[in-house]
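# A structural walkthrough
The primary structure of each chain is shown beneath.
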Amino acid sequence: MRALVISGGGSKGAFAGGIAQYLIEEAQHQYDFFLGSSTGSLLISHLAMGELSYIKNVFTSVTQDHIFSNCPFTIRYKNKIPTIGIHHLNVLKNFIKGRKTFGESLALRRLIGQTLPKEHFKIIQQQKKQIIVTVSNLTTNKVEYKKASDCSYEDFIDWIWISCNYIPFMSLVQKNQSEYADGGLGCIVPISKAFEMGATHVDAIMLNTAVPQINRMPTRNAFDALTVLFDFMVDQIAEHDLALGKMTAKAYDGSLRVFHTPQVLTTNSLIFDQQKMNHWWAEGFAYAHQSITKGI
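First, a word on what this report is: a plain description of the structure on this page. (Residues numbered from 1 in each chain as written. Predicted model: local features only at pLDDT ≥ 70, side-chain atom pairs only at ≥ 80, totals over all residues. Heavy atoms only, no water.)

This next bit is on the layout of surface pockets. Size it by volume and the largest pocket reaches roughly 880 Å³. As for the largest pocket, its lining consists of 47 residues, and the residues nearest its centre are Lys12, Leu207, Asn208, Val234 and Asp235. Of all the secondary-structure elements, those providing two or more residues to the lining of the largest pocket are helix 2 (39–49) and helix 10 (222–251). By residue number, the principal contributor to the lining of the largest pocket is helix 10, which donates nine residues. Along the lines of polarity and charge, the residues of the lining of the largest pocket split into 23 nonpolar, 18 polar and six charged. (1 Å grid on protein atoms, 1.4 Å probe; cavity = no way out; pocket = protein on both sides within 12 Å on 5 of 7 lines; lining within 4 Å. Points joined across faces, edges and corners; volume = space filled by probe spheres on them. Helix = DSSP H or I, 4+ residues; strand = E, 2+ residues; numbered from the N terminus. Nonpolar A, V, L, I, M, F, W, Y, C, P; charged D, E, K, R; others polar.)

With four of its five residues buried, strand 1 (residues 2–6) lies for the most part within the structure. Sheet topology places strand 1 next to strand 9 (residues 201–206); five bridges connect them, and they run parallel. By the bridge assignment, Arg2 is partnered in strand 9 with His201. In this structure, strand 1 lies alongside strand 2 (residues 33–37), joined through four bridges in parallel fashion. Bridge pairing in strand 2 places Ala3 opposite Phe33. In the classification by handedness, the crossover that spans strand 1, the intervening helix 1 (residues 13–26) and the parallel strand 2 is right-handed. (Buried < 20%, exposed > 50% of the residue type's maximum accessible area, 1.4 Å probe, protein only. Pairing = 2+ DSSP bridges. Right-handed = clockwise from strand over helix to strand, strands pointing away.)

A few words now on unusual backbone geometry. The omega angle of the peptide bond from Ile167 to Pro168 is 10°, so this bond is cis rather than trans. The topology assignment puts Pro168 in the loop between helix 8 (153–163) and strand 7 (173–175). Although it is not a glycine, Ser38 adopts a positive phi angle of roughly 55°. The residue Ser38 is located in the loop between strand 2 and helix 2 in this model. Assessed through its relative accessible area of 8%, Ser38 is described here as buried. Although it is not a glycine, Asn176 sits at a positive phi angle of roughly 55°. Looking at where Asn176 falls in the secondary structure, it is placed in the loop between strand 7 and strand 8 (178–182).

Let us now look at the packing of aromatic side chains. Each aromatic ring pair is described using two quantities: the centre-to-centre distance and the angle formed by the ring planes. All told, the structure shown has 12 aromatic pairs when counted by the stated rule. Aromatic side chains Tyr22 and Phe285 sit 5.2 Å apart centroid to centroid with 80° between the ring planes, which places their arrangement in the edge-to-face category. Residue Tyr22 is located in helix 1, and its partner Phe285 is located in helix 11 (residues 274–293); the two are separated by 263 residues in the primary sequence. Judged by its relative accessible area of 9%, Tyr22 falls in the buried class. (Phe/Tyr/Trp six-rings, centres within 6.5 Å; stacked < 30°, edge-to-face > 60°.)

Within the fold, Asn165 resides in the loop between helix 8 and strand 7. On the basis of relative accessibility, which here comes to 0%, the residue Asn165 falls in the buried class. Remark: the alpha-carbon pair of Asn165 and Val258, spanning 93 residues in sequence, is separated by 25 Å. Once residues lying within four places of it in the same chain are set aside, the contact partners of Asn165 are Ser105, Met170, Ser171, Val173, Ala181 and Asp182. (Contact = heavy atoms within 4.5 Å.)

To continue, consider the side chain of Gln21. Along the chain, the position of Gln21 falls in helix 1. By relative accessible area, which is 11% here, Gln21 ends up buried. Setting aside residues up to four positions removed in sequence, Gln21 forms contacts with Glu26, Leu52, Lys56, Trp281 and Phe285.

The values reported here are purely geometric and, on their own, carry no functional implication.
See below:
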């Protein structure tokens, strides 16, 4: 049984989409399990339904306005290089409203509901394929895996949204008497879970380079420092998840194939640039073709 696992990575998810499109359309791989964390959770439902062109159009056309109902940062370009700054007014608005984060992502919740309507969810539940999103329960200090087959429509839309909520910049969600946040805070790429569920082969897409290639410039402000801090933490979690995944594959006598990005796509995955994301999708498709042709 095959599983497709897609890691978190914000706007870099476009590269994962290109790889997944090649694996499904060109390599003709039939997957029984689809697992995602953070941005990966946005892709897997449509991939499972075979709606590849649709999710490509949706994902690569996303802007900050589609994500944030209250964006806590500004984006400025100097020599075509983006940098983020604090949007003091929006952050102040959030604090006045008694919110626990700098920004809010209710716009993303609406977008998920619009792009995955109830009739499509019914199709998902009728399929034999398993679709699982990863969330972090901050109250119980545990990672949880939510199956579409076990959820109501509204709950599953919530879990997808929650899986993508990169706090403290996006919404902290209270659900089932617990506070939930981005799945990537606990598990950036759920390879081990795929094997535990019965997969014998896993294709894992990790939205970082196999070898660290970043030497960051000094941070410019508090938000810049926070994004660097969280990127560092996520990279460490990803390394742990991959090492654990390899051990689990061996324990279950399964096979694991990992796709990394060949180069650093961006140093700030909260910036959604339509032109770049279209380019990354095409790059991911070409990279998957090259990797499979060479037998990687």
